[in-house]
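Observations on the three-dimensional arrangement
Residue strings, one per chain:
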Amino acid sequence: MKPSKVNLIYYSPTGTSKKVLEGVAKGLGINGVEHIDLTPAEAAGKSHIVPAGELAIFAVPVYSGRVPLVAAQRLKTVKGNGTPAVLIAVYGNRAIEDALIELKDITTEQGFKAIAGASFIGEHSFSNDATPIAVGRPDKEDLEKAKAFGEKVKAKVEEMEKLVEVKIPGNKPYRERNPVPRAPETTAETCTLCGACTEVCPTNAVTMTDKVETVKESCSACSACVKACPTGARIWTNEGVKKAATWLVANYSSRREPEFFL
Ligand SMILES: Cc1cc2nc3c(=O)[nH]c(=O)nc-3n(C[C@H](O)[C@H](O)[C@H](O)COP(=O)(O)O)c2cc1C
């Protein structure tokens, strides 16, 4: 028996995890796709159930080798019932470390059964013109690989009743999360008060009156606001982020490729 529906479940502040997921969905070619977007701040208050006869495909970015804390919290709003799940971690060309195994543990706890996994590369959230890291990824080649992965998953789920749990790389205990660098700043001279930064913030950390203000403690460093700003007024001035970006360029500029775990 094939799955009756595919649920794309994602947390994707700068959109790369979502793009990969849509590429995978193309390869699946199953009619009936539902999006469960855990990124907007409102997602925190909703809950979802994905029944056993359906398929769940989860995608999250990697933050310091782990599932982002906000994503880990929001994933707890999605319940399965022995539902088969495909797990995807999207990282900024450095490493996934324990993110995928953590995603497996979280979703297993929520009632899903991991039947396949993959890692893909996305433009680094801290990438900019001065420190470009994995710019433009996932690119055409990545999206072809995402589709090919979807086709492999499609073949695997032809017989849902025969699915076995997949082995996922990673260590336990997971590596420690790095402290969150807080937060991007707004250059008043170039800010047009368009509100894009407030709209995309997954944690409602950015507010706007006659100027843009940020509740630093609520910022998750996802950089959605920086990437969404049409005038480049929203920027990282934090020395830690600048140093990290320079270190990433020096050490992690050679192209990494997606990996499948089937
Ligand atoms: C706080 C933070 C920590 C990150 N840590 C890692 C990491 O450990 N390894 C890595 O390769 N990329 C890391 N990244 C980059 C993201 O995983 C990458 O840019 C991803 O494509 C973002 O996904 P999104 O577009 O769905 O938000 C980090 C990004 C942020 C904001």
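Placed above this text is the structure.
Considerations on the sheet that holds strand β4 (residues 55-61)
Note on sheets: strands pair through backbone hydrogen bonds, and any given pair is parallel or antiparallel. A sheet is described by the order of its strands in space; here 6 strands give the open sequence β2-β1-β4-β6-β7-β12, paired in mixed fashion. Whereas interior strands pair on both sides, the edge strands pair on one side only; in this sheet they are β2 (33-37) and β12 (259-261). Between one strand axis and the next, the sheet turns by 15° as a mean value, whatever way the strands run. When strand β1 (residues 6-10) meets β2, the two strands line up parallel, connected through 5 bridges. Each residue of the ladder has a partner; that of Asn7, found in β2, is Glu34. Sheet strands in contact with helix α3 (residues 99-109) are β4, β6 (83-91), β7 (112-121) and β12, and its direction is about 150° off that of β6. In the packing of helix α4 (residues 140-156) onto the sheet, contacts are made with β4, β6, β7 and β12, and the angle to β7 comes to roughly 165°.

A short note on the site of the ligand
Lining the immediate surroundings of the ligand are 24 residues, of which Ser12, Thr14, Thr16, Ser17 and Val62 lie closest. One of the backbone N or O atoms of Gly65 is found 3.0 Å from an oxygen atom in the ligand. A distance of 2.8 Å is found between an oxygen atom of the ligand and a backbone nitrogen or oxygen belonging to Glu123. Mapping the ligand onto the cavity grids shows that it belongs to the largest pocket. Those elements that place two or more of their residues in the shell around the ligand are α1 (16-28) and β6. Per-class residue counts for the shell around the ligand are 10 nonpolar, 12 polar and 2 charged.

Describing the pairing of β1
β1 sits mainly inside the fold: 5 of its 5 residues count as buried. Side chains Val6, Leu8 and Tyr10 of β1 all project onto a buried face; the interleaved residues Asn7 and Ile9 project onto the opposite face, where all are buried too. For the crossover from β1 across α1 to β2, the handedness is right-handed.

Here we look at the pattern of salt bridges
According to the stated counting rule, one finds 18 salt bridges in the structure shown. For Arg66, the salt bridge goes to Glu102, with nearest N and O atoms at 2.9 Å. Placement of Arg66 in the loop between β4 and α2 (69-75) and of Glu102 in helix α3 is noted, with a sequence separation of 36 residues between them. By relative accessible area, which is 5% here, Glu102 ends up buried.

Reading the values: the criteria
Residues numbered from 1 in each chain as written. Predicted model: local features only at pLDDT ≥ 70, side-chain atom pairs only at ≥ 80, totals over all residues. Heavy atoms only, no water. Pairing = 2+ DSSP bridges. Helix = DSSP H or I, 4+ residues; strand = E, 2+ residues; numbered from the N terminus. Axes fitted to C-alpha atoms, helices over the stretch in contact; angles between N-to-C directions. Contact = heavy atoms within 4.5 Å. Near = heavy atom within 4 Å. Polar contact = N/O pair within 3.5 Å; in protein donor to acceptor, adjacent residues only side chain to side chain. 1 Å grid on protein atoms, 1.4 Å probe; cavity = no way out; pocket = protein on both sides within 12 Å on 5 of 7 lines; lining within 4 Å. Sits in = over half its atoms within 2 Å of the grid points. Nonpolar A, V, L, I, M, F, W, Y, C, P; charged D, E, K, R; others polar. Buried < 20%, exposed > 50% of the residue type's maximum accessible area, 1.4 Å probe, protein only. Right-handed = clockwise from strand over helix to strand, strands pointing away. Salt bridge = Lys/Arg side-chain N within 4 Å of Asp/Glu carboxyl O.

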